[in-house]
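Listed below, chain by chain, are the residues.
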Amino acid sequence: MITLGIDIGGTGIKGALVDAESGQLITGRLRIPTPKPATPGAVTDVVADIAKNFRHTGPTGITFPGVVKQGRTLSAANLDPQWVGTDAAKVLSLATGDSVVVVNDADAAGLAEGRFGAARDARGLVVLITLGTGIGSALLYNGTLIPNSEFGHLKIRGKDAELRASERIREEKDLSWKKWSGQVAVFLRELERLLSPDLFVIGGGISKKADKFLPHLASRVSVPIVPASMKNEAGIVGAAWLASQTRCPE
Ligand code: BGC
């Protein structure tokens, strides 16, 4: 089944058509910068443009960088606060003209990595962490997603982890890879202490540069760490796959 996946991020909104059986993108990605301020109206307009561009009919999977429950967005750390409490599934399905499934961005990436990528066949507890504008997290236990984990807001020395160890902070503060990796390691060690995971998967745009930071992490964290294999496409693929399941449950 071909479905449309759209990934709403703090800096860009990206979409592509996906073959939900193989997890492969069957078109190039269309990326439009996230409007500022990223209000529901402005973001919805961009989603409508992306859907129109692909002339897609049928379900669309859409990621959102915040807590999502029954299609409603309940937090929005890196988008406009007007999203809090919005019936996102309703406004986004009006924008695309068909049904949509809305899912947290890191959870979508976790689903994609668990089904098609770095955590395929992994057993036990997999913790996927996305390092981007914010920090997202997904928990998969024997392949089953436990949604809305939000570990990017875990306090590290009194401050949200995403304000110490996201990719945005590395760039804004011009931190060396070594220094920044040290902050990421403190965060991962805290997760290790609380969750005893079997595997960490590091995703988000940063996973393309895994060689720059993984060596610094591996020496400080005892749980095995692998980079996400679907890179920036994981959110699109995970959302598209989820949308395919709404009409054709397994
Ligand atoms: C949000 C999460 C999201 C992450 C990555 C955090 O600020 O609270 O829901 O997954 O950013 O976008």
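What this report covers is the structure whose coordinates are included nearby. Keep in mind that what you see is a predicted model, and the values were worked out from it rather than measured. Throughout this document, residue positions are counted from 1 along each chain, in the order its sequence is written. It should be noted that, the model being predicted, local features are given only for residues of pLDDT at least 70 and side-chain atom pairs only at 80 or more, the latter also being counted only at that level, while totals for whole chains, interfaces and linings use all residues. Side-chain measures here rest on the full set of heavy atoms in the structure, leaving out hydrogens and waters.

**Things to note about the nonpolar core**
So, step 1. If you look at the biggest cluster of nonpolar residues, it comprises 30 residues, and the most contacted ones within it are Ile129, Phe187, Leu188 and Leu191.
So, step 2. In DSSP terms, a helix is any run of H or I states spanning at least four residues, a strand is any run of E spanning at least two, and both are numbered starting from the N terminus. Of all elements in the fold, only strand E10 (125-131), strand E11 (135-141), helix H6 (177-195), strand E15 (199-203) and helix H7 (210-218) reach the threshold of two or more residues within this core.
So, step 3. Contacts are residue-level and defined by heavy atoms, with any inter-residue pair within 4.5 Å sufficient. Those residues in contact with Ile129 that lie beyond four places of it in its chain are Ile135, Gly136, Ser137, Phe187, Leu188, Leu191, Val201, Ile202 and Gly203.
So, step 4. The criterion is simple. A nonpolar core is a set of buried Ala, Val, Leu, Ile, Met, Phe, Trp, Tyr and Cys residues joined through side-chain atoms within 4.5 Å. For every residue, the accessible area (1.4 Å probe, protein chains only) is compared with the maximum for its type, and the residue is labelled buried under 20%, exposed over 50%, or partly exposed between those bounds. Core analysis: the next-biggest nonpolar cluster, separate from the first, contains 23 residues, Ile13, Leu17, Phe54 and Trp83 among them.

**Some words on the environment of Leu4**
So, step 1. Here Leu4 lies in strand E1 (residues 2-8).
So, step 2. Distance in space between the C-alpha atoms of Leu4 and Asn148 is 22 Å, their sequence separation being 144 residues.
So, step 3. In contact with Leu4, other than residues within four places in its own chain, are Ala16, Leu17, Ala51, Phe54, His56, Pro59, Thr60, Gly61 and Ala240.

**Notes on the environment of Val43**
So, step 1. With respect to the secondary-structure elements, Val43 resides in helix H1 (residues 40-53).
So, step 2. A C-alpha to C-alpha distance of 17 Å links Val43 and Gly235, two positions 192 residues apart in sequence.
So, step 3. Not counting chain neighbours up to four residues away, the residues in contact with Val43 comprise Ile8, Ile13, Pro35, Ala38 and Trp83.

**Looking at the site of the ligand**
So, step 1. If a single non-hydrogen atom of a residue is within 4 Å of a molecule or strand, that residue counts as near it. Neighbouring the ligand are 13 residues; Asn104, Asp105, Glu150, His153 and Glu162 lie closest to it.
So, step 2. Nitrogen and oxygen atoms within 3.5 Å of one another constitute a polar contact, given that in protein one can donate a hydrogen and the other can accept it, and given that sequence-neighbouring residues count only through two side-chain atoms. Residue Glu162 places a side-chain N or O atom 2.7 Å away from an oxygen atom belonging to the ligand.
So, step 3. Relative to its unbound accessible area of 310 Å², the ligand is 94% covered by the protein chains.
So, step 4. At the level of secondary structure, the elements contributing two or more residues to the shell around the ligand comprise helix H3 (105-116) and E11.
So, step 5. Residue classes in the shell around the ligand are distributed as four nonpolar, six polar and three charged. Note on areas: these come from Shrake-Rupley sampling with a 1.4 Å probe, and a residue is covered only by the protein chains present in the view. Residues are grouped as follows: Ala, Val, Leu, Ile, Met, Phe, Trp, Tyr, Cys and Pro are nonpolar; Asp, Glu, Lys and Arg are charged; all remaining types, including Gly, are polar.

**Overview of the sheet that holds strand E8 (residues 86-87)**
So, step 1. In space, the three strands of this open sheet follow the order E6-E7-E8, with antiparallel pairing throughout. Strand pairing shows two members of the sheet lacking a second neighbour, strand E6 (68-69) and E8, which therefore form its edges.
So, step 2. At least two bridges found by DSSP between two strands are what make those strands a pair. Relative to E8, strand E7 (residues 72-73) is paired through two bridges, and the arrangement is antiparallel. When the bridges of E8 are listed, Arg72 appears paired with Asp87.

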